[in-house]
Amino acid sequence: MKIRSSAFASLILILEAVGVALFLGGFLPASVKSSRPSKSTLDLPPEPLSGGSHNSSHIPQPLFNRVVIMLIDGMRQDVVFGANGRKNMPYTRHLVERGSTLSYVARAKFPTVTMPRIKALTSGSIPGFIDVVMNLNSPALLEDNLIWQAKTAGKKMIFYGDRTWLHLFPKHFMEYDGTICFVSDHTEVDNNVTRHLDGTLKRDDWDILILHYLGLDQIGHSGGAHSPWIQPKLLEMDDILKKIHSSLISKEAEGSLPYLLILCADHGTAETGSHGGSSDLEVNTPLVLISPAFKRKDGMESPVKIEQVDVAATLSLSLGLPIPKNSVGRVIASVFDEASLRDQLRFLHLNSHQLSSLLKDNIPDYEKEEGFEQYRVAEKAHGSWMKRYLDGNPPEVLANMGKKVLKQYSEALSSMSSVLSRQQGQYDMYSMSAGIVFVIQLLLLLLLAMPEALSSSAAVDLPVVSALLSLPFYLLCLLLASVHVLLCTSTESACYICSLSWALVFAAIAFTAAMSLVLLSMMTRRLPLGLKLYGKPSLKTSDWSLSDLDLFLLVGTAGHTLSLGSSSFIEEEHQTWYFLLSTLCLAVFQDVCRKYFREKRGQGSEEQEEFALPLKDKPKGETDSDKWLSLATPLFVLLCCRLLRSLNQTGTQWAHLSDVGHWLNRAEHQVVLSLLSALCLVFIYFLIQRRCSLVSKVALALGLLGVYSYRAAVGNVLFPWQHSGRSMSKGTLEARFVYVFVLGILFTGTKDLLRSQIVTADAKLKNRALWEIYSGLVLLISLLFRPHNLPVLCCSLLIQSVMAQFIWKKLHYDAAQTTIMHYWFGQAFFFFQGNSNNISTVDISVWMIGLDNYVKGPAIFLTVLSTYAGPLLWACHLICYLISERNRSPVTVGHGCYCLAVLRSVPAAAYMVLVTGLRYNTFIWSVFSPKLLYEAMHLLLTAAICLIFNTVEQSRTSVAP
């Protein structure tokens, strides 16, 4: 069965995306779960007592009457406990130093985004990496949690703040007001919370008040961690905490249980102002417990480090509620210091029993765990203490013995909590292995088909029919089905593949068996014996001659793939691409010198590939200016790349250093940023308007003016007549104004493209239509990019123009070389934007551009488009460039698609193998998981590009004379 190379590459990439999805189904592990049904009441054990009755199966009396939780989104621990704590939050710092408080640094787990952190705070469980995606549209939290336990116990709760809480806990609050976050707004979003405070604090009809303030996090996203708005916002939060504290003190009744005021954060903030990663600034959050139940301090103490999941267990027991059954946290013992020794032992015993039950449900050999043995020993010692307590032993004896039991419980809790936290990293190895086999089979098929796909026929002959009709196919299907049944019946943990329907499983088994036989047949053809049986290959030896540039492109691509074997190279992957891009410029410069200086000495030029420009179509007369411009182009590109490297610091090691982007975003440099943005927008217009129709040119000019108007409306840049103190708006109207012109340009380009293929068969009209669609995409990205990143877009377009005009055309690079160069530039520009393999560099502010409320589809689309703008623009430019070169061979587009498929397949397959080999390394959650999802997303985008390649090629062939 013969299939065109572009269609073959598109099909392979789509199937590889399925294989990656299968791998991710096993790689994203399930949470540690209890075997009891969701939200079922956990049977409380009695107090340990040899021969005693069961009349003590209860939770000690609550320690607090009212609880106020003030959660400040994105607050780092150093704003309270650091050197500038007195300056940032003077009242809070005074309470930390001299008040009745307990201070902690609560360490959040990766990923540090809002929804998973709220789940950790309320359920005590460790959310998985998939919760990063769910954070965009939080579903209801079905597992046992503190909020549900409080509602079941009849406690009345009020909530004001981030609407995420209302999505997680629907119908749990007797009164609520959820706010939606707009990154450009950090005033109104908090005022909507504070405006309820005066009335609520005067009332006595509530038990728990939760306040989630978003303004600080919004400032970080829009202005960075050192924005001039940071300190005023912290002072505002400090005043609010002072108001709450004063109200609680004034309403404290004589003889009643004390109140508890909690100041906490869901996550911290990186130096760039974003979050999501695992750096210390992102995971270390302040936790301040304020209550008259605690001893008054005499001075500042170093805050104790705890885990964020410990809050759920501690707060549950202090309110007289059961610990959520899936919690892996341990109680903060110092909170219960003022309780009786019997109650302290009971609190730790309840926590130990809950963790031991979770240990039994998730670890087969739980009895061999050190923590479980320590728990048993502590429980026996607790029983002996209870017997002495009931016998009326002296207090000194009980105190000494009780302290030892408390220490034994603490050690057991620490050990069991650590084991359960590590258990979170378990993987479904069957699904992962199946996904790897699936992807590697497709990759081998790509590589084996390369000689045929890159030949003049650009078609691949796949022996599919013979494979399906052979006896080994049915035997292999039977063998794989037997292995599947054996693995699914013998595995003790959840398996993603085993949960699929039999129809899907059988389809996967049949495909794997057929693919194995097709690969075997194609490998046989490549062997000497196969060549004798099937004849000589159609590809000439000259087709595989490699120049110095070819060797460099192949070695560079392979070297990058090998670099993924190191976590450090993944964290600093941008350094690899910067090095490769700089070396590429020098290699191209060498080719230019060879062309123009060796030819003059009569040495001639090297023979070109079959699908390169034919010699008769090469430009005959080249002026000296063209030669010198060609000579200057690689050096100019090298200079542009060096300047862009200074615009945004990225990676892990150097991301905290100041860069040009930080300098431009300072308030005192707003005029400079405004002038730079206006200049870049004008330059962008002149770079892309020359290939558009008159209507599209007008729409493009008005659209770029709308882009500037939007940024002025949200306060990023200034109009000449506008003062810097002008109040900001959401810019919704201006953004929608730009969207209208984007849709208009895309519609015009699509209409002309269809017309050129169906009605007139006009190649010139088709080329113009493709470039118009490209210009519409550029206009949309201009709107999504922050003003300081517009030079990245401007330089990208400029490099594309000069490389196409003076390098790819003048030096007659073939489709494979041009494709690899586009791929390299696209990867480098991904990092030039300020992106990295850390989830914290994803700019989530773009989802609200032009939207009044959160809409899932557009939000995901805009976020993905903004993040992958660099690779996407270069891939789209590759399409337009290859198709617009009418003098090239008709197989050029297919070659480009095929090379693009290979470029994306090799690192994706290698990376999956690497992650599987390091599955027991918990560090991969903070480094490898984001990178793997990045590879998966990039694979999907490449599949879409290849589909466009295939569609255009088919339409081109259909109208060919």
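Rules and cut-offs
Residues numbered from 1 in each chain as written. Predicted model: local features only at pLDDT ≥ 70, side-chain atom pairs only at ≥ 80, totals over all residues. Heavy atoms only, no water. Helix = DSSP H or I, 4+ residues; strand = E, 2+ residues; numbered from the N terminus. Buried < 20%, exposed > 50% of the residue type's maximum accessible area, 1.4 Å probe, protein only. Areas by Shrake-Rupley, 256 points an atom, 1.4 Å probe, with all protein chains shown as cover. Core = buried A, V, L, I, M, F, W, Y, C linked by side-chain atoms within 4.5 Å. Contact = heavy atoms within 4.5 Å. Pairing = 2+ DSSP bridges. Axes fitted to C-alpha atoms, helices over the stretch in contact; angles between N-to-C directions. Salt bridge = Lys/Arg side-chain N within 4 Å of Asp/Glu carboxyl O. Polar contact = N/O pair within 3.5 Å; in protein donor to acceptor, adjacent residues only side chain to side chain. pLDDT = per-residue confidence, 0-100.

Looking only at helices and strands, the protein features 38 helices and ten strands. In the protein, which comprises 961 residues, the share counted as buried stands at 58%. Accessible surface, the protein: about 40000 Å² in total, of which carbon and sulfur atoms supply 61%.

Phe-8, Leu-584, Trp-824 and Tyr-898 are the most contacted members of the largest nonpolar core, which has 171 residues in total. Tallying contributions element by element places helix H33 (residues 790-808) first for this core, with 14 residues. Other than its neighbours up to four places away in sequence, Leu-584 contacts Leu-549, Phe-552, Leu-553, Met-821, Trp-824 and Phe-825. Listed in part, the 73 residues of the second largest apolar core include Ile-69, Ile-208, Leu-287 and Tyr-409.

What follows deals with the sheet that holds strand E7 (residues 260-264). Taken together, the eight strands give an open sheet; going across it, the order is E5-E4-E6-E2-E7-E8-E3-E9, and neighbouring strands pair in mixed fashion. Where the open sheet ends on each side, the last strands, each with one partner, are strand E5 (175-179) and strand E9 (304-307). Along the sheet, successive strands turn relative to each other by an average axial angle of 15 degrees, direction set aside. Here five bridges tie strand E2 (residues 67-72) to E7, and the two strands are oriented parallel to one another. Bridge pairing links Val-68 to Leu-261 in E7. Sheet contacts for helix H4 (residues 90-98): strand E3 (101-107), E7 and strand E8 (284-290); angle to E3, the most-contacted strand, approximately 110 degrees. The sheet contacts of helix H14 (residues 310-318) involve E2, E7, E8 and E9, and relative to E9 the element is tilted by about 95 degrees.

A word on the pattern of salt bridges. Taken as a whole, this structure holds 19 salt bridges when the rule is applied. Here Asp-391 ties to Lys-387 by a salt bridge, and the two come within 3.5 Å at their closest N and O atoms. The exposed category is assigned to Asp-391, whose relative accessible area is 52%. For Lys-387, a relative accessible area of 44% gives the class partly exposed. Ionic contacts of the salt-bridge type, sharing partners, join the residues Arg-66, Asp-204 and Lys-251 into one network.

So, about the side chain of Gln-344. Mapped onto the elements, Gln-344 comes out in helix H15 (residues 341-362). Of note is the side chain of Gln-344, whose polar atom sits 3.0 Å from the backbone oxygen of Ala-339. Sequence-distant contacts of Gln-344, that is, excluding residues within four places in its chain, are made with Phe-336, Asp-337, Ala-339 and Leu-406.

Here we take up the confidence of the model for the protein. Predicted confidence across the protein gives a mean pLDDT of 82, with 86% of residues reaching 70 or more. For the stretch residues 529-534, pLDDT sits under 50, and the model shows eight contacts to residues farther than four places along the chain or on other chains. Counting interchain partners and residues more than four positions distant, the pLDDT-below-50 stretch residues 602-620 has 35 contacts.

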